[in-house]
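# Structural description and commentary
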Amino acid sequence: MTSSARQIPRPADGRLAQAMRFLLMALVFLQPINHVNALRLISLYLLLGLFCVSLLQKGRGFLAGLGTPATLALLALAGWAVIASVIGPYPLESLNAARKSLMPQILLFLVIISEFRSPDQIKNLFKVIVFSFVVTTALSAWEILRIGIGAFNVGMLNHGMFLGGYASNAGFYFPFTLLWLFTLAGNARALVKAIAIITLICSYFIILLYNSRTALIAVSLSALLIPLLTGRRRTILVIVPLLLFIAAVTLFTGGELAKYKSLGNPETYVTNTGLSIRLSIWRGVGGIVRERLITGYGYGWKKLAWVVNNNGWLARWKNNPDPNILAYYAPQGAAGYGRVNPHSLLLQILFELGLVGLALYASFWLSALKSIAARIHDRTRAPDLFMRGSLGVILPFFLLNVTNGYWEGTLANMILVFLACILALLRADAGN
């Protein structure tokens, strides 16, 4: 009787996996939607609890299934983040920041790698991501129409009820939805495809109203790159004239959109004024980074203000020939907690985790890109086309991170979800 019982599969395992997949999809769906943080936290900690149960059940078998170089590099990065935080000058602050921002990223990644085993499960998750973008864009468009386009300015968009953070988040969702349409939406109903197309068009105009030059460049790049990578070259014949028309209209428009005129000026990309004093910001944080170059100050960027105030940087910058450094970091005589950041992914990683953290982060991305590169030769199969087109999602992400540091938050979470899906899709497609 004991022998027979051992041969019967435990249904609880199946239910546990289903519950984890459901909670993960709920958490992914809620990522870009503002004012639902309570629901995100509930989903997150329920998922964490079930994940811990799954770890106890699988034991060493779980670790054996995570043996990809990219996954190991990410786990090493997470481990170093904890070490750097403990040995840094503000361990409690750093560990708390890691709990709030790094832990959800690692959890999302590991659950996808371990529980999404079939192509259909992964494709269902893709649909959730697209639907989330549709809902967010619809809410944002409704907010603009409700208040009136003429009443908006950049500040209002940045702090809108649903519009807050929209432009940066669209740097992932826009190219992802475009990639999904071109590669994996073949069996979707015509109505679903039409809704996705309308969402993309609305999203582009919302980004335009947002007056974010980097975000506009990023999504425009993806609109050109993804059709080219996925063999939809004829689509470019439609996209290019549309982008040129929008550029021409913008060029002759005054008011808020006048900022886009600077995109045609080479000085925009190399001068301090053109880069919104980013060069001064980078000079300031560069000196701070050099003092703990190997290990960094611990996870989390908000404590940058504490480092500035406590380590004598205000006095040093008073004698600096660049007055913009002090003007940015201490406009009222002291740096405000959470109000100053490096505005660069590279410098943010160096500030938090030093050269060791940067090397581990680079190792993670190089491992993931190597896995993708191994499957981009075939242009006939949808999964391989998806791999080719994925570069059109990844490149805009790094473009956004030139002048900002999306090391945490929705954009950072979703790029890790994206990479986890790619690795899971590669494994499922290989039949492992």
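Given the structure is predicted, the values throughout are model-derived calculations rather than measurements.

## A few points about the overall build of the protein
Of regular secondary structure, the protein possesses 20 helices and 0 strands. A buried classification covers 51% of the 432 residues belonging to the protein. Across the protein, contacts joining residues at least 24 apart in sequence account for 76% of those joining residues at least 6 apart. Of the roughly 19900 Å² that the protein leaves accessible, carbon and sulfur atoms contribute 66%.

## Digging into the nonpolar core
Side chains that are nonpolar tend, in soluble globular proteins, to be buried together. Residues Phe109, Phe172, Phe386 and Phe418 are the most contacted members of the largest nonpolar core, which totals 101 residues. In terms of residues, this core owes the most to one element, helix H20 (residues 410–429), which gives 15 residues. When near neighbours in sequence (up to four residues on either side) are disregarded, phenylalanine 172 contacts Ile129, Val393, Leu411, Met414, Ile415 and Phe418.

## Quick look at a nonpolar patch on the surface
A surface patch of nonpolar side chains, amounting to about 400 Å² of accessible area, comprises Val82, Ile83, Val86, Ile87 and Leu95. Take the nonpolar patch: its biggest share by element is 4 residues, from helix H5 (residues 69–87). Locating valine 82 in the fold gives a position in helix H5. Looking at valine 82, the relative accessible area reads 41%, which means it is partly exposed.

## Some words on empty space enclosed by the protein
If you walk through the whole model with that rule in mind, you get 1 cavity of 30 Å³ or more. Put simply, the largest cavity is a space of about 120 Å³. A per-class count over the lining of the largest cavity returns 12 nonpolar, 1 polar and no charged.

## With respect to H5
Its 19 residues place the ends of H5 27 Å apart at the C-alpha level, agreeing with the 27 Å of an ideal helix rising 1.5 Å per residue. Three or more residues of H5 are buried, namely Ala70, Thr71, Ala73, Leu74, Leu77, Ala78, Trp80, Ala81, Ala84 and Ser85. For H5, the secondary structure elements touched by its buried residues are helix H6 (91–115), helix H17 (345–373) and H20.

## Looking at the confidence of the model for the protein
Within the protein, residue pLDDT values average 87, and 87% of them lie at 70 or more. The low-confidence segment residues 1–12 (pLDDT under 50) makes 0 contacts with residues lying over four places distant or belonging to another chain.

## A short note on the pattern of salt bridges
Between side chains of opposite charge, pairing is possible as soon as their charged atoms come close. What the rule picks out here adds up to 2 salt bridges. Its salt-bridge partner being aspartate 322, residue arginine 283 comes within 2.6 Å of it at the nearest N-O pair. Pair noted here: arginine 283 is in helix H13 (residues 278–290) and aspartate 322 is in the loop between helix H15 (313–318) and helix H16 (323–329), with a separation of 39 residues, a long-range link. With relative accessibility at 46%, the residue arginine 283 sits in the partly exposed group. Here glutamate 291 makes a salt bridge to arginine 316, at a shortest N to O gap of 2.8 Å. Of the two residues, glutamate 291 sits in the loop between H13 and helix H14 (304–310) while arginine 316 sits in helix H15, which places them 25 residues apart along the sequence.

## Comments concerning the environment of alanine 141
Inspection of the secondary structure assignment puts alanine 141 in helix H7 (residues 119–147). Separated by 65 residues in sequence, alanine 141 and isoleucine 206 place their C-alpha atoms 7.3 Å apart.

## Quick look at the packing of H7 against helix H9 (residues 166–183)
Two numbers describe how H7 lies on H9: the axes approach to 10 Å, and their chain directions differ by 130 degrees. Looking at the two axes, H7 sits oblique to H9. The two elements H7 and H9 meet at a crossing, and its hand is left-handed. For the pair formed by H7 and H9, the contact residues are Phe126, Lys127, Ile129, Val130, Ser132, Phe133, Thr136, Thr137 and Ser140 on the first element and Tyr166, Phe172, Tyr173, Phe174, Phe176, Thr177 and Trp180 on the second. A breakdown of the residues in the contact of H7 with H9 according to their chemical character gives 10 nonpolar, 5 polar and 1 charged.

## A look at the layout of surface pockets
The space that makes up the second largest pocket amounts to roughly 520 Å³. Every residue lining the second largest pocket is counted, 21 residues in all, and those nearest its centre are Leu178, Ile197, Leu200, Ile201 and Ile239. For the lining of the second largest pocket, the elements supplying multiple residues, two or more each, are H9, helix H10 (190–210) and helix H12 (233–251). Here the residues of the lining of the second largest pocket are counted per class, giving 16 nonpolar, 3 polar and 2 charged.

## Describing the environment of valine 219
Relative to the assigned elements, valine 219 resides in helix H11 (residues 213–229). Overall, the relative accessible area of 1% leaves valine 219 in the buried class. C-alpha separation for the pair valine 219 and phenylalanine 397, spaced 178 residues apart in sequence, amounts to 9.5 Å. Once you skip the residues sitting within four places of it in the chain, valine 219 turns out to touch Ala170, Gly171, Phe174, Tyr204 and Ile207.

## With respect to the packing of aromatic side chains
What the rule picks out here adds up to 24 aromatic pairs. Joined through ring pairs, the aromatic side chains of Phe126, Phe133, Phe172, Tyr173, Phe176, Phe386 and Phe418 make up one cluster. For arginine 292, the ring lying beneath its charged end belongs to tyrosine 297, and the centroid distance is 5.6 Å. Here the guanidinium or amino end of arginine 316 rests over the ring plane of tryptophan 313, the centre of that ring lying 3.8 Å away.

## Notes on the side chain of asparagine 272
Mapped onto the fold, asparagine 272 is located in the loop between H12 and H13. For asparagine 272, a relative accessible area of 16% gives the class buried. A polar contact is formed between the side chain of asparagine 272 and the side chain of serine 280, at a distance of 2.7 Å. Setting aside anything within four residues of it in sequence, one finds asparagine 272 in contact with Ile277, Arg278, Leu279, Ser280, Asp322 and Asn324.

Cut-offs applied
- Residues numbered from 1 in each chain as written.
- Predicted model: local features only at pLDDT ≥ 70, side-chain atom pairs only at ≥ 80, totals over all residues.
- Heavy atoms only, no water.
- Helix = DSSP H or I, 4+ residues; strand = E, 2+ residues; numbered from the N terminus.
- Buried < 20%, exposed > 50% of the residue type's maximum accessible area, 1.4 Å probe, protein only.
- Contact = heavy atoms within 4.5 Å.
- Areas by Shrake-Rupley, 256 points an atom, 1.4 Å probe, with all protein chains shown as cover.
- Core = buried A, V, L, I, M, F, W, Y, C linked by side-chain atoms within 4.5 Å.
- Patch = residues over 30% accessible without salt bridge, like charges linked within 9 Å, V, L, I, M, F, W, Y side chains within 5 Å.
- Salt bridge = Lys/Arg side-chain N within 4 Å of Asp/Glu carboxyl O.
- 1 Å grid on protein atoms, 1.4 Å probe; cavity = no way out; pocket = protein on both sides within 12 Å on 5 of 7 lines; lining within 4 Å.
- Points joined across faces, edges and corners; volume = space filled by probe spheres on them.
- Nonpolar A, V, L, I, M, F, W, Y, C, P; charged D, E, K, R; others polar.
- Expected span 1.5 Å × (residues − 1).
- pLDDT = per-residue confidence, 0-100.
- Axes fitted to C-alpha atoms, helices over the stretch in contact; angles between N-to-C directions.
- Parallel < 35°, antiparallel > 145°, perpendicular 65-115°, else oblique.
- Left-handed = near helix turned anticlockwise from the far one by under 90°.
- Phe/Tyr/Trp six-rings, centres within 6.5 Å; stacked < 30°, edge-to-face > 60°.
- Lys NZ or Arg CZ within 6 Å of the ring centre and 35° of its normal.
- Polar contact = N/O pair within 3.5 Å; in protein donor to acceptor, adjacent residues only side chain to side chain.

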